[in-house]
Structures are given as C-alpha cells and as structure tokens.
Amino acid sequence: MVRLRREFGERGEKTSIPMPPPVPFPKRGKSESVVVNSLQKKLGQNLYQSEKNFGIVYSGAPHPLVRVIQEIAEGTYIADWEQEMFKGTYMVEKEAVRMVGSLLGNGNVGGFITSGGTESNLVAMRVARDLMHKKHPEVILPITAHFSFRSAAELLGLKLRFLPVDANLHPDMDRVGGMINQNTIALVCSAPEGFLGVMDPVEEFGELAARRDLYLHVDAAFGGFILPFMRELGYDIPPFDFRIPSVDSMMTDGHKLGLMPLTTSFFLLRKQENLESIPTEDTVIHTITSTKPGIKAAAAWAIMNRMGMDGYKQSTRHVLGVVRILQEGIESIPGLDLVMKPLITILAFKSDVYDVASIFEQLRKMGWGTELESWEGAEMIRLSVNPNRDDEHAKLFISALKQAVRYAKKK
Ligand SMILES: *Cc1c(COP(=O)(O)O)cnc(C)c1O
C-alpha cells in the first residue's frame, strides 16, 4: 500500500500504532547465536537495505569512529542532576555544544545535546514561553515548519499562527507584521525546512524579531552541519545563524548530515542565563529526557575533532556530488521534472507523463527506497541523501529509476 505524506496544513488521520500479537516473556535465556539469528530475520523485514534507501537521511552508519567511542564511553552518562560523578563526560558534552556554537557564529552559547530535533524544538519553545511569560502565548512560523512545533504547542499551551508559503515554499513575509499582537512571544524559521530543503528568510525574521522585541528560534536541523561548510566551499549562503544578532536560539541535528549517531541533536542558546527561566527548582532538569548516555556526547566531540572543518568540507563536497549525479540523472530522463533545484541534500521530482506512484512502486519492487509525497496537487518522489552514500549508489539508483519509468503507468 502506498502512503502519501500529506500537504502542509491539512489535518490528517490519527497516527495508528500497529502491535504484534501478545509476546510471552521468554522463560529461559536462549543462546546468543539463536537470538542474533532470529533478530536478523526480524530486521530483514525492513523494506530496504540501508545503501539502497534514498527515502530518508537516517539510513546508514554514522562515522566509523563511533565503534571505538562506544568502547571507551560505554556505561558513562550525563544528567543535569548529576554533574559531579561524570564530570569528564559532562565537560565533553558542553565542549561539543560550544564547538557547534562556534560553527554557527557564537562560541559563547549555552545549551545541551538532546535526543533529536524534536526535543530541541520543544526546549526552545519552552524557553521562549517561560522567558516571555504571556498569558495566551502565540508563536508565528511558516506552515512548512517541522511538526515538533505542533507537539510543543500542544504540550506547552501555545497557539501557533502559521504563515502560508508560495509554490516555492517561500513564506509570505508581508503577513507577519499583521499577525504580531500583544500575545506573540516568538518567531520560528527554518534553515532550511525539511521537506524540500528551502531556506526561510532568516534575516527578515531577524529584523522583525529585533523590531518587535520577540524571541527568535532557528531550526537548522538539516542546515547546521552543511551550510557552514558550503559557505567555506564558496556557495552563496545567506546569513542564517547567531551572526544575526536577534537569533536567541538554534538547533541542529548531528545525526542528519553531521555523521553522528542517532539520536544526537544540539540545542543552542545565545544567552546561557535564559535557561534560568525554566523553573528547575521544581523540574530539576532543563531537558525533556533526563539521563543521557555519555556515548552520544563523546561521539559528537570525537567526530567533530576527527573531521574538523576540512573533513566536513570534504564530506559536504562529496554528498553534494552524489546529489548532482542524482539531479543530472533525473534531468536526463524524459518525462521527469525536478520540482526545484536542490540547495542541500534533498531533491524531488514529478511527472506530467507518468503516474508517479507507480514509479515509486516499481522502485520499491527493485529494493530502492524513496518517499512518495504530494505538494500543490502534484505527486512527487522525494530523495534525501546521507553523506555515507557514494557516487556508485547514485548511479545504480538512476539506472533503477530508468527501468522503473519504463514499467511505470502513464497518466
Ligand atoms: C529532521 C528535522 C527535525 C527533527 O527531527 P528529529 O527526527 O527529531 O531529529 C526538525 N526540524 C527539521 C526542519 C527537520 O528536518
């Protein structure tokens, strides 16, 4: 069955949670080989092998150094409520946060590693709410913003005011002024948004936040670990980070393009003291999750030191090369049209000639993972490329795509 991701702003169906039949608790322990074999069989039910999955950025292994780190840091942990016992691990986390801050225009940031972009965005909205303390807090954000802001709104009692976007996913900035009222606490924008990788005009949001005295959070889940390196490589990247003075907080995911293990995200605050708005005299911790494995911080710290600016530049050049092969391959196939020129590692195509869902199905039959999406009434196939893919994967994908098109239904 083909499940189409819905367009922004549409209310969908409730997400279902399928469960297997009851599973008895194992009476006796089994041998390791039996356990490993049956586990491998279960995992074999995953639709795609990692190398053949262009449907999602998370597919594939993180930096190989992670295996070494796992041995060194196994059993260590970090928690706000226990900073002394694992002092070393704690400092490694904070240094990793400061490294990412330096990358994003401010070496003096406060913050922490979270369980993912979703938690980072939740924390940002909590800080904004507790800092601005208004009775009926409202947040203005483009409709393309990540769903985690809807969770944040539901959990934190915020009202979201969505900015519509045009066919190129650019938010209608002329509307923002009129949407700001005495309840508005924050503006949110993305660098870039996660559907097609389109940059929001962060500078414009910055000017508005400064002029109207609002909290500004930038979701750089995808961008944080590629835009700075693209800039170094000579790409024209507009300001999107703490170099814009009114940006209060940012987040970026190390586990997307930073080669870090899932689940590693960074929440960064320009002013560490703004964390004091969270009533930790009651809540104890600033984060949503409490005890975190030290391995994540250790891996983040080690990978950034191992890669350095030059390593990440190399990895960026590499992944953009893979994207270029995909882009040119798609453009060379009659009847397929790129939805837009990709900025980062996300690209999508549609077709006036072929039934796009049937191309998706054909690819799936051949073991190639993509995502079927819809936007502006047109179905499209979306690809998201992890830096651990290589040119060969992209070329094999394009030959599979050519074959899929040959067998696809026409419109
Ligand atoms: C991926 C993503 C997130 C958060 O995703 P997690 O799966 O929680 O890490 C948030 N915002 C954007 C724009 C994203 O692309």
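Residues numbered from 1 in each chain as written. Predicted model: local features only at pLDDT ≥ 70, side-chain atom pairs only at ≥ 80, totals over all residues. Heavy atoms only, no water.

Looking at the nonpolar core
Working step 1: Of all hydrophobic cores here, the largest spans 94 residues; its most connected members are Phe-225, Phe-266, Leu-326, Ile-359 and Leu-401.
Working step 2: If you tally residues by element for this core, the top one is helix α11 (residues 294-331), at 17 residues.
Working step 3: In this structure, this core is formed jointly by two domains, domain 1 (50-60 + 309-407) and domain 2 (65-307), each of which donates at least three residues. (Core = buried A, V, L, I, M, F, W, Y, C linked by side-chain atoms within 4.5 Å. Buried < 20%, exposed > 50% of the residue type's maximum accessible area, 1.4 Å probe, protein only. Helix = DSSP H or I, 4+ residues; strand = E, 2+ residues; numbered from the N terminus. Domains from an automatic or database assignment.)

Quick notes on the domain arrangement of the protein chain
Working step 1: Splitting the protein chain by domain gives domain 1 (50-60 + 309-407) and domain 2 (65-307).
Working step 2: Look at where the C-alpha atoms of domain 1 and domain 2 centre, and you get two points 28 Å apart.
Working step 3: Counting residues at the interface gives 30 residues for domain 1, matched by 34 residues for domain 2.
Working step 4: Counting each side, the surface lost to burial between domain 1 and domain 2 is near 2700 Å², with a carbon and sulfur contribution of 75%.
Working step 5: Taken together, domain 1 and domain 2 are joined by five residue pairs in polar contact (both at pLDDT 80 or more). (Contact = heavy atoms within 4.5 Å. Buried area = accessible area lost by both parts, 1.4 Å probe. Polar contact = N/O pair within 3.5 Å; in protein donor to acceptor, adjacent residues only side chain to side chain.)

With respect to empty space enclosed by the protein
Over the atoms, a rolled probe matching the size of one water molecule traces out where space is still vacant.
Working step 1: All told, the structure shown has one cavity of 30 Å³ or more when counted by the stated rule.
Working step 2: When its volume is computed, the largest cavity comes out at roughly 60 Å³.
Working step 3: Along its surface, the largest cavity is lined by Ile-78, Ala-79, Asp-80, Tyr-90, Glu-93, Lys-94, Phe-112, Thr-287, Ser-290 and Lys-292.
Working step 4: The greatest single-element share of the lining of the largest cavity, amounting to three residues, is contributed by helix α3 (residues 87-103).
Working step 5: In terms of residue class, the lining of the largest cavity is made up of four nonpolar, two polar and four charged. (1 Å grid on protein atoms, 1.4 Å probe; cavity = no way out; pocket = protein on both sides within 12 Å on 5 of 7 lines; lining within 4 Å. Points joined across faces, edges and corners; volume = space filled by probe spheres on them. Nonpolar A, V, L, I, M, F, W, Y, C, P; charged D, E, K, R; others polar.)

Points about the site of the ligand
Working step 1: Tyr-58, Thr-118, Asp-219, Asp-253 and Lys-256 are the nearest of the 14 residues found near the ligand.
Working step 2: In this structure, Tyr-58 approaches the ligand through a side-chain N or O atom, which is 2.8 Å from an oxygen atom.
Working step 3: The side chain of Asp-219 places a nitrogen or oxygen atom 2.6 Å from a nitrogen atom of the ligand.
Working step 4: Mapped onto the shell around the ligand, the elements with two or more residues apiece are α4 (117-132), β7 (249-253) and α9 (254-257).
Working step 5: At three residues, α4 tops the list of elements feeding residues into the shell around the ligand.
Working step 6: Split by residue class, the shell around the ligand holds four nonpolar, seven polar and three charged. (Near = heavy atom within 4 Å.)

Quick word on the packing of helix α12 (residues 356-365) against helix α13 (residues 391-407)
Working step 1: Viewed as axis vectors pointing N to C, α12 and α13 meet at an angle of 125 degrees, and their least axial separation amounts to 8 Å. As judged from the angle between their axes, α12 and α13 are oblique. Of the two elements, α12 crosses α13, and the hand of that crossing is right-handed. Here Ile-359, Gln-362 and Leu-363 of α12 lie close against α13, whose contacting residues are Phe-397, Ala-400, Leu-401, Ala-404, Val-405 and Tyr-407.
Working step 2: When grouped by side-chain class, the residues that make up the contact of α12 with α13 number eight nonpolar, one polar and no charged. (Axes fitted to C-alpha atoms, helices over the stretch in contact; angles between N-to-C directions. Parallel < 35°, antiparallel > 145°, perpendicular 65-115°, else oblique. Left-handed = near helix turned anticlockwise from the far one by under 90°.)

Describing the pairing of strand β13 (residues 378-384)
Working step 1: Within β13, five of the seven residues are buried, which leaves the element mostly enclosed by the surrounding structure.
Working step 2: Here strand β11 (residues 346-351) pairs with β13 via four bridges, running antiparallel. Bridging across to β13, Phe-349 finds its partner in Ile-381.
Working step 3: Note that strand β12 (residues 371-375) and β13 share five bridges and pair antiparallel. Paired with Leu-372 across the bridge in β13 is Ile-381.
Working step 4: As consecutive antiparallel partners, β12 and β13 are separated by two residues, and within that stretch Glu-376 has a phi angle of approximately 55 degrees, a positive value. (Pairing = 2+ DSSP bridges.)

A few points about the layout of surface pockets
Working step 1: One number sums up the size of the second largest pocket: a volume of about 290 Å³.
Working step 2: Residues of the lining of the second largest pocket, tallied by class, amount to six nonpolar, one polar and two charged.

A look at the pattern of salt bridges
Working step 1: Enumeration according to the criterion identifies nine salt bridges in this entry.
Working step 2: A salt bridge links Asp-253 to Lys-256; the shortest N-O distance between them is 3.3 Å. Side by side, Asp-253 and Lys-256 carry an identical accessibility label, which is buried.
Working step 3: A network of salt bridges, in which partner residues are shared, links Glu-93, Lys-94 and Lys-292. (Salt bridge = Lys/Arg side-chain N within 4 Å of Asp/Glu carboxyl O.)

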